[in-house]
Amino acid sequence: MSSAIQYNNDSADVEGNVISLNDQGVEEVSDRLLASAARLSRNAMTEIDWSLPMEPDKHGCSPEWSSLYGTDYWNELTDEQRVSLTRHEFASIMCIGIWFEMVLQELVLRDQYLGEYHSTEFQFALVEVADECRHSLMFSKASEKMVGKSYRPNKLVGRLGKVFKYVAKNEVAYAGILVAEEVLDVFQRGCMRDDRVLPFIRTVNEIHVLEEARHMKYAREQVRESMQGVGWFRRKLSALVVSMGAYMIVANLVRPQAYADAGLDKGRAYGEAAHNEHFHSMIRSSCTHLMEFLDEVGLLTKPALRYYRRAHMI
Ligand SMILES: [Fe+2]
Ligand SMILES: [Fe+2]
């Protein structure tokens, strides 16, 4: 770790490159994050015993985080149905996580394509891609074990994601990444210490929360840097695009098919979840920190607020 710190202090002399003042924030943060990643990276493939049987009464996420918790439908369900529901809901959330992690790996790689290959910013970007790759593998294994199937975003959102990963850059790319990571983080933090949840899922959550904390710090720094000197029009447009992306991610987290796979009436479950004030308030209260950050960097504009409200994030 000391070598990483030394590298940062001496980078201008050792590498013969002067890092501009603008780069210093990201460089310093990357430096610290690299050291942290070297110390604290985890591997679910070796850490989790994937062959262990699942206890039948353990949930996929904390019941309070079910999109139906507190509704009339929830009250009618047996314990067994609730377990099945939370397992399918969380599998859906992990799969939407895989989808977005694939988008963001491309965003990060494109951003660094002709970057400063000696910089700590570049090095941490590679660590992030490697982390995401392992996370997606972990989510894939966990979905396979828990429900034996996977979920994808709806067709339109799938196509929009394709466009987003080709065109998004700077603050749009990193604020988009940040929003997706924060939303997933919120669910996982809520469930990682709950002993009603399957132990291997708790480990999955713990690993993801720990490693994403670094990614979110990196994304925040990238957004701060990109927003320096940004004009009125670009700020408004970036804010709007990010909020629309956030809305689509949140709206797609629990796929309606997950209700059907849990043996529920898909239409009724979807309808009650869409109006579930408990679930909305869980999301809202967890996004406070994210909204404060977006406000701080000038990305919480009025039109953007409309989308965050629709997603119940504020
Ligand atoms: Fe991840
Ligand atoms: Fe991440």
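Residues numbered from 1 in each chain as written. Chains lettered and ligands numbered in written order. Predicted model: local features only at pLDDT ≥ 70, side-chain atom pairs only at ≥ 80, totals over all residues. Heavy atoms only, no water.

Draft legend 1. Representation of the coordination of the iron ion (ligand 1) in the model. Around the iron ion (ligand 1), the protein contributes the donor atoms E101 (OE), E132 (OE), H135 (ND1), H208 (NE2) and E212 (OE), at 1.9 to 2.2 Å from the metal centre. Along the chain, the residues that donate to the iron ion (ligand 1) are spaced as E-x30-E-x2-H-x72-H-x3-E. The distance between the iron ion (ligand 1) and the iron ion (ligand 2) is 3.8 Å, with E132 acting as a donor to both metals. With H208 and E212 both in helix α9 (residues 199-226) and four residues apart, this pair spans about one turn of that helix. With a relative accessible area of 1%, E212 lands in the buried category. (Donors = N, O, S within 2.8 Å, 3.2 Å for Na, K, Ca; no water. Helix = DSSP H or I, 4+ residues; strand = E, 2+ residues; numbered from the N terminus. Buried < 20%, exposed > 50% of the residue type's maximum accessible area, 1.4 Å probe, protein only.)

Draft legend 2. The arrangement of the coordination of the iron ion (ligand 2) in detail. Here the iron ion (ligand 2) is held by the protein donor atoms E132 (OE), E181 (OE), E212 (OE), E212 (OE) and H215 (ND1), which lie 1.8 to 2.5 Å from it. Note on E132: relative accessible area 1%, which makes it buried.

Draft legend 3. A look at the packing of α9 against helix α14 (residues 288-296). Packing of α9 against α14 leaves a shortest axis separation of 11 Å and a crossing angle of 20 degrees. Considering the angle they form, α9 stands roughly parallel to α14. The element α9 and its partner α14 pack so that their crossing is right-handed. Counting all contacts with α9, which are made through R220, V223 and R224, the residues of α14 involved are H289, F293 and E296. Taken together, the residues of the contact of α9 with α14 break down into two nonpolar, one polar and three charged. (Axes fitted to C-alpha atoms, helices over the stretch in contact; angles between N-to-C directions. Parallel < 35°, antiparallel > 145°, perpendicular 65-115°, else oblique. Left-handed = near helix turned anticlockwise from the far one by under 90°. Contact = heavy atoms within 4.5 Å. Nonpolar A, V, L, I, M, F, W, Y, C, P; charged D, E, K, R; others polar.)

Draft legend 4. The arrangement of helix α10 (residues 232-252) in detail. In this model, α10 (21 residues) spans 31 Å end to end at C-alpha, consistent with the 30 Å of a helix rising 1.5 Å per residue. Taken together, the buried residues of α10 touch α5 (79-112), α7 (155-167), α8 (170-191), α13 (277-286) and α15 (302-310). (Expected span 1.5 Å × (residues − 1).)

Draft legend 5. A look at the pattern of salt bridges. Under the definition given, this model contains 16 salt bridges. Between R284 and E277 there is a salt bridge, with its nearest N and O atoms 3.4 Å apart. Look at the salt bridges and you will find they share partners, linking R42, E47 and E206 into a network. (Salt bridge = Lys/Arg side-chain N within 4 Å of Asp/Glu carboxyl O.)

Draft legend 6. Structural view of the packing of aromatic side chains. Per the stated rule, a full pass over the model turns up nine aromatic pairs. Residues Y174 and Y218 carry aromatic rings whose centres are separated by 6.0 Å and whose planes lie at 75 degrees to one another, so their mutual orientation is edge-to-face. Of the two residues, Y174 is situated in helix α8 and Y218 in helix α9; the sequence distance between them amounts to 44 residues. An identical accessibility class is assigned to Y174 and Y218; each is buried. Through a chain of ring-to-ring contacts, three or more aromatic side chains come together here, namely W65, F187 and F279. (Phe/Tyr/Trp six-rings, centres within 6.5 Å; stacked < 30°, edge-to-face > 60°.)

Draft legend 7. Just the side chain of D185, in detail. Inspection of the secondary structure puts D185 in helix α8. A relative accessible area of 7% places D185 in the buried class. Apart from residues no more than four positions distant in its own chain, D185 is found in contact with V209 and M216.

Draft legend 8. Seen up close, the environment of T203. Structurally, T203 is set in helix α9. In this structure the C-alpha to C-alpha distance between T203 and E76, which are 127 residues apart in sequence, comes to 30 Å. Excluding anything up to four places from it in sequence, T203 contacts R42, E47 and I48.

Draft legend 9. Molecular detail of the packing of α5 against helix α6 (residues 120-146). In contact at an axis separation of 9 Å, α5 and α6 are set at 155 degrees when each is read in the N-to-C sense. In terms of orientation, α5 lies roughly antiparallel with respect to α6. When you trace α5 past α6, the crossing you get is left-handed. By residue class, the composition of the contact of α5 with α6 is 16 nonpolar, six polar and five charged.

Draft legend 10. Here's a closer look at the nonpolar core. Residues L68, M146, I201, L264, Y308 and M313 are the most contacted members of the largest nonpolar core, which totals 93 residues. Among the elements that take part in this core, α5 stands out by supplying 14 residues, more than any other. When neighbours within four sequence positions are excluded, M313 is seen to be in contact with V179, V183, A246, V250, I283, R284, C287, L290, M291 and Y308. (Core = buried A, V, L, I, M, F, W, Y, C linked by side-chain atoms within 4.5 Å.)

Draft legend 11. Seen up close, the confidence of the model for the protein. For the protein, mean pLDDT is 90; residues scoring 70 or higher make up 92% of the total. Here residues 1-23 is a poorly scored stretch, pLDDT under 50, and it has 23 contacts once near neighbours within four places are set aside; other chains count. (pLDDT = per-residue confidence, 0-100.)

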